[in-house]
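What follows is each chain in one-letter form.
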Amino acid sequence: MHITGGCHCGAIRYQAEIDPERVSICHCTDCQRLTGSAYRITAPARPRSFTLTSGEPRGYAKYGDSGGLSRQFFCPNCGSPLYRTDGEGGAIGIRVGGIDQRRELTPKKQIWCRSALSGVENIETLPRFEGED
């Protein structure tokens, strides 16, 4: 599937080819801190298909919960998380929130569930509103 996306302020844009069947939710503590939320949803880009079409992200490297090196990239203007690469720069995981076609993507698996926050397993029973209450 061809996707396009970018950051919240529009300074950075990208395109890539992804496999929608590989979209996943990660509950690790790093993803919780990076998103300020309970988990992160990622779409892996097909090898060598990811292209920045505008802007220049900033990045930093950190060893993750798995023990592997992970480089995180974000917009230097608005701070939006964009994507990550492994320590070797091969695998790219695009953050679903920045993908223009995100409504067409459904996570197919969850990882690092031992770090999942309580209360996120089933939110279907919570009251729902079309806007702010």
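Everything here concerns the structure above.
Calculation notes
Residues numbered from 1 in each chain as written. Predicted model: local features only at pLDDT ≥ 70, side-chain atom pairs only at ≥ 80, totals over all residues. Heavy atoms only, no water. Phe/Tyr/Trp six-rings, centres within 6.5 Å; stacked < 30°, edge-to-face > 60°. Helix = DSSP H or I, 4+ residues; strand = E, 2+ residues; numbered from the N terminus. Buried < 20%, exposed > 50% of the residue type's maximum accessible area, 1.4 Å probe, protein only. Salt bridge = Lys/Arg side-chain N within 4 Å of Asp/Glu carboxyl O. Contact = heavy atoms within 4.5 Å. Pairing = 2+ DSSP bridges. Axes fitted to C-alpha atoms, helices over the stretch in contact; angles between N-to-C directions.

**Things to note about the packing of aromatic side chains**
- Under the criterion given, the structure shown has four aromatic pairs.
- Three or more aromatic residues link up through ring pairs in this structure, and these residues are Y14, F50, F73 and Y83.

**Looking at unusual backbone geometry**
- One non-glycine residue, W112, lies in positive phi territory at about 55°.
- Looking at the element boundaries, W112 is found in the segment after β10 (109-111).
- A residue is classified by how much of its surface remains accessible, and W112, at 26% relative accessible area, is partly exposed.

**Observations regarding the pattern of salt bridges**
- All chains considered together, the criterion is met by three salt bridges.
- Salt-bridge contacts for K62 lead to D30; the nearest nitrogen and oxygen are separated by 3.2 Å. Here K62, found in strand β6 (residues 58-63), pairs with D30, found in helix α1 (residues 29-35); they are 32 residues apart in sequence, far enough to count as distant.
- By relative accessible area, which is 40% here, K62 ends up partly exposed.
- Taking the relative accessible area as the measure of exposure, D30 reaches 18% and is therefore buried.
- Put simply, R128 and E124 hold a salt bridge, and the shortest N to O gap is 3.9 Å.
- The exposure class assigned to E124 is exposed, which follows from its relative accessible area of 55%.

**Some points on the environment of K62**
- Separated by 10 residues in sequence, K62 and L52 place their C-alpha atoms 22 Å apart.
- Beyond its immediate stretch of four places on either side in the chain, K62 contacts D30, G68, L69 and S70.

**With respect to the sheet that holds strand β5 (residues 51-54)**
- Here three strands make up an open sheet; going across it, the order is β1-β2-β5 and the pairing antiparallel. The open sheet has two edge strands with one neighbour each: β1 (2-6) and β5. Averaged over neighbouring strand pairs, the angle between their axes works out to 25° when direction is ignored.
- Strand direction decides the pairing type here: β1 and strand β2 (residues 13-17), joined by five bridges, are antiparallel. Paired with G5 across the two strands is Y14, which belongs to β2.

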